[in-house]
Amino acid sequence: MPKYTLTVNEKKQTVDVDAGTPLLWVLRDNLGLTGTKYSCGEGICGNCTIHVNGKAERSCVINVEDAVGSSITTIEGLAEKHDHPIFKTWIELEVSQCGYCQPGQIMTLAALLEQNPKPSRKEIDDALNSVLCRCGTYQRIRNAVDKLVEEGQ
Amino acid sequence: MKNSNKIKRRVFIKVVGLSGGGLFLASYVPLQNLLANTGDDPKIFAPNVFLKIDSNGIVTIIVHRSEMGQGVKTALPMLVAEELEVDWDKIVIEQADVDAKYGSQTTGGSTSIRRSWEPLRVAGATARVMLITAAASHWNVSSDNCYAENGFVINKLNNEKLSYGELVDEASKLSIPTDVKLKDPKDFKIIGKRIHRVDTPDKIYGKAKFGIDVVIPGMFYAAVSRCPSFGGSVKSYDAAKAKNISGFRTVVQISSGVAVVADSTWRAFNGRDALNIQWDLGPNAKINSDDIHNKLVNKSKADGYEFESRGDINKNIEEEKILDAVYEVPFITHAPMEPMNCVAEFKDGKAELWAPTQNPQNARSEVAKALGISEVDVTVHVTLMGGGFGRRLVSDFAVEAAEISKAIKKPVKLTWTRQEDMKFGWYRPPSLHVLKGAIDAEGKAMKFSHHIIAPSITQFRFAPDLPPKDYDIKEGTVGLEYQIPNMRIAGSIIKTPIPISWLRSVYNTQNPFAIESFIDELAFAANTDPVEFRMKMLPDDSRLKNVLKVLAEKSGWGIGKILPKGRGRGVALFKGYDSFCAQVHEVTISGNKIKVDRVVAVIDCGIVVNPDLVEAQMEGAIVFGLSAALKGEITIKNGGVEQSNFDDYEILTYNEMPEIEVHYVKNTLPVGGVGEVGVPPCAPAVCNAIFAATGKRIRKLPIRLDS
């Protein structure tokens, strides 16, 4: 069985999995990082979004072998110190309902704000449009994004 | 009551009646070494099943309903804490396992707060009264000279204080009062406040454990292949290819299909996909959506069973204008973001489950039945769930996991794929609505007749011979507040083999669509403003009328009456779940594209326990209702569901989110339900808005402007 060494949340970890295994399942089943959520498995819903070299990517459609050599950050990595302004705003505006999609929403937004702290409405829409939430928290996400952008985070 | 202090390390259980109705179990449970580091023997005061206080002062409140995003993990403890007089920031909140001692644990029908409003406050108040009595007796003063605040009892005479922890021992010796007085709403300190959700931080840090995240020692992973047409079965299967998948453990046939067990989720999926199964497609393999539609149409030709009537719908009225319309609604599905899953361990004749379920008591009985064991041998731990919307009231996923674990004699996690969630759901049934109405020369509504034709969930799931008087399809059709002199409400059911069940607001997703759209048709025929038309038909003391009045004001109805071309606003009302809701939707139409710009919602749900949670539920209900109205459709081909993921079963996206405003009617009336009441007005309000914008009346969902 092939072995792959991945850099996840700044830690090197070796996993024994088959080529073609989606990174999502490696994170969840092999590394115990269950904050990255499975929902559609086809890159449609964005619930499994992580950062690969700082860019928001859907971990359900990345094969493990393609992640070798990249720096991978999961929600657990972003939340390590709980100090990212997104978390504070998310709590303050009580964005979350069931919470299942929120790691994907937050990872998507964090990557966007990292690249551009003052994104336009269109850039925000383009980033967040394909992260689905069935509870309907979009309005609160929008309010949170507006607040973060206004504060220049 | 016995002096329990003398009897250590034994548990007393006493059943007492409380004024709140229902039975409570009282227990005094001395536990040893609860705090191992101190070597202490903290005692626990638990006068009922919803709270416990230990002698170290830790107050634990037990949540007996399931948290699926609606906020019960926060709102239910608020009810207990309010009466208990504790410091909110110091309480511990615990999710209850399945147990009949809690009464119903079914999280559905917008009942969690409504049904707990009294018993949970009584639970808190009972403990408070006992703690005060204990303190009074300690100080040898009258209870009237003592009060409770922030986890202490205070002696008014000298301001001495005793903490609840210090009173555990004394309070436990007291008999449980049965007539405790509840607080006056004007004295509420917690109820009515925007208390933050207790589980938000863990959820956003990725630490919260949903069902799909549960891992137990020695656990395997499973995936199930099910027959592509409903009602089919396994003829035979060949697992040779599956066995070649690395990490493959075993393959077992279970009641719903064939399960592959492997050492990871992904390998279980691959193993499942590698199965070669010969299906007996069963009796429904040729059924298509059209067949079901035709059944509905055929039944619509009869009069249906009459649920309710007044006056004479057939009487001729001078100069009446008669309207006829037929409305139709398709199957839709819940599609919560977290697919179905369950962890199960069958060992020594007993089953233990970790299940994202809205219905642990049903999961327990279904699992017991499937495994041929007694219900007492089934434990269900309720996990967080990534949305429910009614889907998790059905226990199919729990039964599957339990069957697999029993067969392989190992703990197992079953995970469904999104495709399976779409294809093997329990769908909101389709329906057809035949409406007739008449207005007189003055534009007054004189006649209203509604015949709903739909499959019955109750008939399908529980009662094959359901008598017409018990048809569940009447939900939302009867008891309308509109004062129309001649009315007839009737229903007919059809049978289909497609699994159907409750989806957020159930038949209230369909009936109010037809009713409130048709009322709009009557208003237009009467050349009357739709709000004014409704106002005239509602009795003056009606809470619904008041809600409509507030809505007209808050939405600016009538102001800027003539909207620019392509824009329109529509209104719809709903009462149900002991609550009242009215909404105005504003739309912009460009070509065949619909954009819902703004939704103003007013709700009267009596006392508001937590405004933030109510607003969130209304926002969520509106998104859910709009997703259904604008996009939701499950279609049937060859006895199975055609849709398979969010690309062919779409839901509202971020950029489609309208601006939502939620307003309340403030009062101190009994608490009403909130989770569902916001869904029903969406479809009719948005369709009425489309009519206002374009003159096109939408009578079929989902809304398609090009057809």
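Residues numbered from 1 in each chain as written. Chains lettered and ligands numbered in written order. Predicted model: local features only at pLDDT ≥ 70, side-chain atom pairs only at ≥ 80, totals over all residues. Heavy atoms only, no water.

Some points on the overall build of chain B
Okay, so step 1: Secondary structure summary: chain B contains 16 helices and 29 strands in total.
Okay, so step 2: Here the C-alpha atoms of chain B give a radius of gyration of 28 Å, agreeing with the 27 Å that 2.2 N^0.38 yields for 707 residues.
Okay, so step 3: Evaluated residue by residue, chain B yields a buried proportion of 63% over its 707 residues.
Okay, so step 4: Taken as a whole, chain B presents about 26700 Å² of accessible surface, with 49% of it coming from carbon and sulfur.
Okay, so step 5: For chain B, the distance from the average position of its 87 positive side-chain charges to the average position of its 84 negative side-chain charges is 2 Å. (Helix = DSSP H or I, 4+ residues; strand = E, 2+ residues; numbered from the N terminus. Rg over C-alpha atoms; globule rule 2.2 N^0.38 Å. Buried < 20%, exposed > 50% of the residue type's maximum accessible area, 1.4 Å probe, protein only. Areas by Shrake-Rupley, 256 points an atom, 1.4 Å probe, with all protein chains shown as cover. Lys, Arg positive; Asp, Glu negative; His and termini not counted. Charge placed at Lys NZ, Arg CZ, Asp CG, Glu CD.)

Some details on the sheet that holds strand 26 (residues 593-604) of chain B
By way of backbone hydrogen bonds, the strands of a sheet pair with one another, either parallel or antiparallel.
Residues and elements named next belong to chain B.
Okay, so step 1: With mixed pairing, four strands are arranged side by side in an open sheet as 24-25-26-29. Edge positions in the sheet fall to strand 24 (567-576) and strand 29 (659-664), since each of these pairs with one other strand and no more. Shown here is a sheet whose adjacent strand axes are inclined to one another by a mean of 15 degrees, direction ignored.
Okay, so step 2: When strand 26 meets strand 29, the two strands line up parallel, connected through six bridges. What sits directly across from R598, in strand 29, is E659. (Pairing = 2+ DSSP bridges. Axes fitted to C-alpha atoms, helices over the stretch in contact; angles between N-to-C directions.)

What to know about the environment of G232(B)
Residue and element names in this part refer to chain B.
Okay, so step 1: Among the structural elements, G232 can be located in the loop between strand 10 (220-226) and strand 11 (233-238).
Okay, so step 2: Here G232 falls in the partly exposed class, since its relative accessible area comes to 24%.
Okay, so step 3: Ignoring any residue separated from it by four or fewer positions in sequence, one finds G232 in contact with C227, D280, L281 and G282. (Contact = heavy atoms within 4.5 Å.)

Some points on the nonpolar core
Okay, so step 1: Counting residues in each nonpolar core, the largest one holds 200 residues, and the members touching the most others are W90(A), I404(B), F448(B), F646(B) and I703(B).
Okay, so step 2: No other element matches helix 15 (residues 611-630) of chain B, which puts ten residues into this core.
Okay, so step 3: Sequence-distant contacts of F646(B), that is, excluding residues within four places in its chain, are made with S39(A), C40(A), I44(A), C45(A), L132(A), A335(B), M337(B), R418(B), M422(B) and I651(B).
Okay, so step 4: In this structure, A127(B), M130(B), I176(B) and I195(B) belong to the second largest nonpolar core, which totals 51 residues. (Core = buried A, V, L, I, M, F, W, Y, C linked by side-chain atoms within 4.5 Å.)

Considering the pattern of salt bridges
Residue and element names in this part refer to chain B.
Okay, so step 1: Overall, the coordinates contain 51 salt bridges over all chains when judged by the stated rule.
Okay, so step 2: Note that R418 is salt-bridged to D421, the shortest N-O span being 2.8 Å. With R418 and D421 both in helix 10 (residues 418-423) and three residues apart, this pair spans about one turn of that helix.
Okay, so step 3: The salt bridge partner of R598 is E586, with a shortest N-O separation of 2.9 Å. A residue pair is termed long-range when its members are at least 10 positions apart, and R598 in strand 26 and E586 in strand 25 (residues 579-590) qualify at twelve residues. (Salt bridge = Lys/Arg side-chain N within 4 Å of Asp/Glu carboxyl O.)

Topic: the interface of chain B and chain A
Okay, so step 1: Taken together, the 61 residues of chain B in the interface contact 52 residues of chain A.
Okay, so step 2: In total, chain B and chain A occlude about 4800 Å² of area from one another, counting both sides; carbon and sulfur atoms represent 54% of this.
Okay, so step 3: At the junction of chain B with chain A, the criterion picks out five salt bridges.
Okay, so step 4: For R140(A), the salt bridge goes to D612(B), with nearest N and O atoms at 3.1 Å.
Okay, so step 5: Scanning the region where chain B abuts chain A turns up 31 residue pairs in polar contact (both at pLDDT 80 or more).
Okay, so step 6: Listed by contribution, the elements that provide at least two residues to the side of chain B that touches chain A are helix 4 (200-204), helix 6 (265-273), helix 10, helix 15 and strand 29 of chain B.
Okay, so step 7: In terms of residue count, the dominant contributor to the side of chain B that touches chain A is helix 15 of chain B (nine residues).
Okay, so step 8: Per-class residue counts for the side of chain B that touches chain A are 28 nonpolar, 20 polar and 13 charged. (Buried area = accessible area lost by both parts, 1.4 Å probe. Polar contact = N/O pair within 3.5 Å; in protein donor to acceptor, adjacent residues only side chain to side chain. Nonpolar A, V, L, I, M, F, W, Y, C, P; charged D, E, K, R; others polar.)

Describing the pairing of strand 6 (residues 92-95) of chain B
Residues and elements named next belong to chain B.
Okay, so step 1: Here four bridges tie strand 5 (residues 59-63) to strand 6, and the two strands are oriented parallel to one another. Note that in strand 6 the partner of I62 across the bridge is E94.
Okay, so step 2: Tracing the backbone out of strand 5, into helix 1 (residues 72-84) and back to the parallel element strand 6 gives a crossover that is right-handed. (Right-handed = clockwise from strand over helix to strand, strands pointing away.)

As for helix 1 of chain B
All names here are of chain B.
Okay, so step 1: Its 13 residues give helix 1 an end-to-end C-alpha distance of 18 Å, which sits within 8% of 18 Å, the value for a rise of 1.5 Å per residue.
Okay, so step 2: Taken as a whole, helix 1 carries its principal kink of about 25 degrees at M78.
Okay, so step 3: Most of helix 1 sits inside the fold, with 13 of its 13 residues counted as buried.
Okay, so step 4: Positive phi shows up at E85, right after helix 1, with a value of about 60 degrees. (Expected span 1.5 Å × (residues − 1). Bend = angle between axes of the 7 residues up to and from the residue.)

Quick word on the packing of helix 12 (residues 511-525) of chain B against helix 16 (residues 682-694) of chain B
All names here are of chain B.
Okay, so step 1: The N-to-C vectors of helix 12 and helix 16 enclose an angle of 30 degrees; their axes lie 8 Å apart at closest approach. Viewed along their axes, helix 12 and helix 16 adopt a mutual orientation that is roughly parallel. By crossing handedness, the relation of helix 12 to helix 16 is classed as right-handed. Residue-level inspection shows P512, F513, E516, S517, D520 and F524 of helix 12 in contact with helix 16, the latter providing A683, P684, C687, N688 and F691. (Parallel < 35°, antiparallel > 145°, perpendicular 65-115°, else oblique. Left-handed = near helix turned anticlockwise from the far one by under 90°.)

Some points on the packing of aromatic side chains
Okay, so step 1: With the rule as written, the count across this model stands at 22 aromatic pairs over all chains.
Okay, so step 2: Taking 5.1 Å as the distance between ring centres and 80 degrees as the angle between the ring planes, the aromatic pair formed by F87(A) and Y205(B) counts as edge-to-face. You can see F87(A) sitting in helix 4 (residues 85-92) and its partner Y205(B) sitting in the loop between helix 4 and strand 10, one on each of two chains. Neither F87(A) nor Y205(B) differs from the other in exposure class; each is buried.
Okay, so step 3: Taken together, the aromatic side chains of W25(A), Y38(A), W266(B) and F269(B) make up a single cluster linked through ring pairs.
Okay, so step 4: For the cation-ring pair, R142(A) lies above Y654(B), with the distance from its terminal atom to the ring centre recorded as 5.5 Å.
Okay, so step 5: Across the ring face of W416(B), the terminal group of R226(B) is positioned such that the distance to the ring centre comes to 4.0 Å. (Phe/Tyr/Trp six-rings, centres within 6.5 Å; stacked < 30°, edge-to-face > 60°. Lys NZ or Arg CZ within 6 Å of the ring centre and 35° of its normal.)

Things to note about the domain arrangement of chain A
All names here are of chain A.
Okay, so step 1: Here the domain parsing of chain A yields domain 1 (3-78) and domain 2 (85-150).
Okay, so step 2: In this structure, domain 1 and domain 2 have C-alpha centres spaced 21 Å apart.
Okay, so step 3: Contact residues are listed per partner, giving 19 residues for domain 1 and 14 residues for domain 2.
Okay, so step 4: Interface of domain 1 and domain 2: buried area, both sides summed, is about 1300 Å²; carbon and sulfur atoms make up 63% of it.
Okay, so step 5: It is N47, I75 and L78 in domain 1 that bury the most area against domain 2; as a group they hold 35% of the surface buried on that side.
Okay, so step 6: Across the contact surface, domain 1 and domain 2 share zero salt bridges.
Okay, so step 7: Scanning the region where domain 1 abuts domain 2 turns up five residue pairs in polar contact (both at pLDDT 80 or more).
Okay, so step 8: Listed by contribution, the elements that provide at least two residues to the side of domain 1 that touches domain 2 are strand 3 (49-52), strand 4 (55-58) and helix 3 (75-78). (Domains from an automatic or database assignment.)

Brief notes about empty space enclosed by the protein
If a probe as big as a water molecule is rolled over the atoms, it shows which places are left empty.
All names here are of chain B.
Okay, so step 1: Under the criterion given, the structure shown has four cavities of 30 Å³ or more.
Okay, so step 2: Within this model, the largest cavity holds a volume of roughly 110 Å³.
Okay, so step 3: As for the largest cavity, its lining consists of 15 residues, and the residues nearest its centre are R428, T509, G625, A628 and V679.
Okay, so step 4: Elements that contribute at least two residues to the lining of the largest cavity include exactly helix 15 and helix 16.
Okay, so step 5: At four residues, helix 15 tops the list of elements feeding residues into the lining of the largest cavity.
Okay, so step 6: Broken down by class, the residue content of the lining of the largest cavity amounts to twelve nonpolar, two polar and one charged. (1 Å grid on protein atoms, 1.4 Å probe; cavity = no way out; pocket = protein on both sides within 12 Å on 5 of 7 lines; lining within 4 Å. Points joined across faces, edges and corners; volume = space filled by probe spheres on them.)

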